[in-house]
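Structure assessment
Spelled out, the chains give:
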Amino acid sequence: MNIVVQPTKNEAERAFAAHFDAIASSLPGADLAWMARLRTDAMAAFETGGLPHRRLEAWKFTDLRSRIDQVFDPASDGAEAISESDIYDVLGRGFDELYCYRVVVADGVFRPELSHLDGLEDRIEVLSLRDVLADGDGAEWLRGQLAKAVAGEDDTVVALNTAFMSDGVVVRVADGAVIERPLHIALVTGSTEPETVTVRNVVEVGRGARLTLLETYSTRRSPDILRNSATQMTVHDGAEVHHIKLQNHGMRAVDLATWMVELGASAIYRACQFTIGSALSRNQIYLRFNGAGSVANLAAASMLWDEQHSDTTINVDHAAPGCESRELFKCVLDDRARGVFQGKVTVRQIAQKTDGKQMAQALMLGEHAEFDSKPELEIFADDVICGHGSTSGRLDEDMLFYLRARGIGEDVASALLVQAFIGEALGAVENEEVREALRLMAAAWLSHSRA
Amino acid sequence: MLEIKNLHARIGDEENEILRGIDLAIPMGEVHAIMGPNGSGKSTLGYVIAGKDDYEVTAGDVLWNGESILEMSPDERAAAGVFLAFQYPVEIPGVATMTFLRTAVNAVRKARGEEELNVAAFMRVVREKAEKLNVTQEMLKRPLNVGFSGGEKKRMEILQMAMLEPTLCVLDETDSGLDIDSVRIVSEGVNALRGPERAMCVITHYQRLLNYIVPDRVHVLSRGRIVKSGGKELALQLEQSGYAEFGSDQAA
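Here's a quick rundown of the structure. (Residues numbered from 1 in each chain as written. Chains lettered and ligands numbered in written order. Predicted model: local features only at pLDDT ≥ 70, side-chain atom pairs only at ≥ 80, totals over all residues.)

What about the overall build of chain A?
Heads up, the rule is: Where helices and strands are cited, they refer to DSSP runs of H or I of at least four residues and of E of at least two residues respectively, numbered from the N terminus. Between the two quantities, the radius of gyration covers C-alpha atoms and the globule rule is 2.2 Å times the number of residues to the power 0.38. With C-beta atoms placed from the backbone, a residue is buried if 20 or more other C-beta atoms are within 10 Å of its own, exposed if 12 or fewer are, and partly exposed between those counts. Contact between two residues is assigned whenever their backbone-derived C-beta positions fall within 7 Å.
Secondary structure summary: chain A contains ten helices and 19 strands in total. In summary, chain A has a C-alpha radius of gyration of 21 Å against a globular reference of 22 Å for 451 residues, a match within 12%. Dimensions of chain A, computed from the C-alpha atoms along their principal axes, are close to 70 × 65 × 50 Å. Across the 451 residues of chain A, 53% fall into the buried class. Considering only intrachain contacts with a sequence separation of at least 6, the fraction spanning at least 24 residues in chain A is 83%.

Let's talk about the sheet that holds strand β9 (residues 240–247) of chain A
Residue and element names in this part refer to chain A. Here is the rule we go by: In this analysis, strands are considered paired if DSSP registers two or more bridges between them. Note on geometry: axes are C-alpha line fits, over the in-contact stretch for helices, and angles between N-to-C directions span 0 to 180 degrees.
Reading across from one edge, β2-β1-β5-β7-β9-β11-β13-β15-β17-β19 is the order of the ten strands in this open sheet, with mixed pairing throughout. Two strands in the sheet have a free side with no partner beyond their single neighbour: β2 (109–116) and β19 (385–393). When strand polarity is set aside, the average angle formed by the axes of neighbouring strands in this sheet is 10°. In the sheet, β9 pairs with strand β11 (residues 268–275) via eight bridges, with the strands oriented parallel. From the neighbouring strand, Glu 240 faces β11, where its bridge partner is Ile 268. Against the sheet, helix α4 (residues 84–91) touches β1 (101–106), β2, β5 (183–189) and β7 (210–219), its axis set at about 90° to β7. In the packing of helix α9 (residues 410–426) onto the sheet, contacts are made with β11, β13 (295–304), β15 (324–333) and β17 (355–364), and the angle to β15 comes to roughly 150°.

Side note on the environment of Ser 76 of chain A
All names here are of chain A. For Ser 76, the position within the fold is in the loop between α3 (64–67) and α4. The class of Ser 76 is partly exposed, set by 15 C-beta atoms lying within 10 Å. Taking the C-alpha atoms as reference points, Ser 76 and Val 197, 121 residues apart in sequence, are found 9.0 Å from one another.

Considering the interface of chain A and chain B
Put simply, the rule reads: Charged means Asp, Glu, Lys or Arg here, nonpolar means Ala, Val, Leu, Ile, Met, Phe, Trp, Tyr, Cys or Pro, and polar covers whatever is left, Gly included.
Each partner contributes to the interface: chain A provides 16 residues, whereas chain B provides 22 residues. Sorting the residues of the side of chain A that touches chain B by element identifies α8 (397–404) and α9 of chain A as the ones contributing at least two each. Here the element with the most residues in the side of chain A that touches chain B is α9 of chain A; it accounts for six residues. Of the residues assigned to the side of chain A that touches chain B, the class counts are nine nonpolar, three polar and four charged.

Details of the nonpolar core
Here is a general trend for soluble globular proteins: nonpolar side chains tend to be buried in one another's company. Basically, it comes down to this: Residues of type Ala, Val, Leu, Ile, Met, Phe, Trp, Tyr and Cys that are buried and joined through C-beta atoms within 7 Å form what is called a nonpolar core.
If you look at the biggest cluster of nonpolar residues, it comprises 213 residues, and the most contacted ones within it are Val 105 and Leu 426 of chain A together with Phe 83 and Val 170 of chain B. In terms of residues, this core owes the most to one element, α9 of chain A, which gives nine residues. Apart from the residues lying within four places of it in its own chain, the contact partners of Val 170 of chain B are Gly 46, Ile 49, Ala 50, Phe 83, Leu 84, Ala 85, Cys 201 and Ile 203 of chain B.

Overview of the sheet that holds strand β3 (residues 31–35) of chain B
Paired through backbone hydrogen bonds, the strands of a sheet run either parallel or antiparallel to each other. Residue and element names in this part refer to chain B. Pairing is mixed in the open sheet, where six strands are placed in the order β6-β9-β10-β3-β11-β12. The sheet terminates laterally at β6 (82–85) and β12 (225–230), the two strands that pair on one side only. The sheet shows a mean angle of 20° between the axes of neighbouring strands, direction not considered. Inspection of the sheet shows strand β9 (residues 168–172) paired to strand β10 (residues 199–204) by five bridges, in the parallel sense. Residue pairing for β10: Val 170 is matched across the bridge by Cys 201. Taken strand by strand, helix α6 (residues 150–164) contacts β6 and β9, and its axis lies near 170° from that of β6.

Honestly, that's just the spatial picture; any functional story needs more than this.
Structure representation (structure tokens):
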């Protein structure tokens, strides 16, 4: 007789299960058999695996099971109203005047009245996930997209997202369309009540098309939120995508964010993620090369203080030959903050002539800060170039002295060096306005952490 | 006037002193050369004047215009008019040269009670001074000192000196690694700053630089002490006889 060992569920896991039982029938797409099934299967996967914990290699440094002790009620449609100026307030200087299309997802619901899609070029569609689920053809298309999300099957954070997704933004860019204006998806929490927010964005960029997509994750009011966001993207042959994310929640938030990206042949994908908020955050990127000759450039920067913990885990899967991947991770750690970088590169046997490099660097400002870096290479092809490196250290004394010998005070000199350090990652953002807005935010962080 | 009195200094906690009782006075308007063999303490003297943390002054004092500067931070010394042109200028990736120059100039101006320069005025001054030192616009666009040749770095040092308008200039081996054209350009830059309101201390191993920057006095530093002083002709004598008679201590 087989004895099935079921680990005891903790309170958070039981809460997720209870919430699912309570709201599954009212989630978008509940009337579609395939969608209901997708959610139920995902929930079953979550119940089997539970919240990820440190005994799983991918979660070695970030034990969600012990860290998440409270699961707030799912955000409801009746969430408090949030105004446009609220959104600018949380994003700060530089973002309010950004030349872009803007869609707002507040408390897990797409808000057309807050969005700016006037003059939307006619070869891009920007819709709510709910609306697409309610539309026959759209729903069929979405079914195909959701089915092929490239996350690891055992990723129960993504499973939770699939089970609970309440809305999100669907973006479809036609073949050959060059969308000049950046598209800004602002995920914001406006509720005054603690809540759990689950959003899924689905993006498809046609052959030879070009898109700049900015995602911002912010909190306006309630400090207590648990956010699970996933953005899945298909970049077809010859397309070029610039993808940027800023996460600046309040210091009590928990943010779990997953990007799942699939690249066709001869595609270009340039990403930059900037993390300064949340008590606990996990930034996951799953990227798969499906076609030959593509380039992916992934930059990530975190600036953390107090007792913040932020984990950036990148999985790059070279499943096609002749592709190039670059990963640059930079984190600045003050006080007792903890930064984690895990970079896994898989080169399958077919992926000859792969060129993959990663670098992780930490700047330790705090006496008790901690940085964990774990590169992982799995190479099954023989003609490849792969490399990784990792450094951590304090501000360079010789550089500091040089700046101070020119009359620059210690604080300003340190700030210049910290900004230079983080600027290397933020420099990956091609759009100048967005880049400068992020740099302003990095500069503001320096005074914030000393407040 | 710079007055150095019985200055003793060592690196951190090391037992051996590198400077072992230096006495030196440089009046306003004068240029003094400090010459000496490798390891005699020349660079240490420059760093101690500029305030580098690595060195500990164990005795003596450094007075600038009658006040001790030893308790001042490096940036306070810069504001007070002290400038060290580094033998090895530091490369700082990610810090734009222009951002650095403007931050430094305005920090020093503010500390001296002068108005900050606005962007336009600053740009005008930089362009004018850079041109004279053969510092190209392209160099100004790069991160500070990154990828600069030896000569470019030294010219950048002199440009910083010209921008910050210090009253005490300490030049540490500014001629090292320079070809003859660069020595000429750098020297012209330094000579342009000579004047009654400024004291200069030129540290050099070789006499060559002193053909271009003609000193009022020459001091020979050996084993952490000044062992001989004289007029500019002393440098020529040293060129003939070498440092052998003064020994060549290998300490640091």
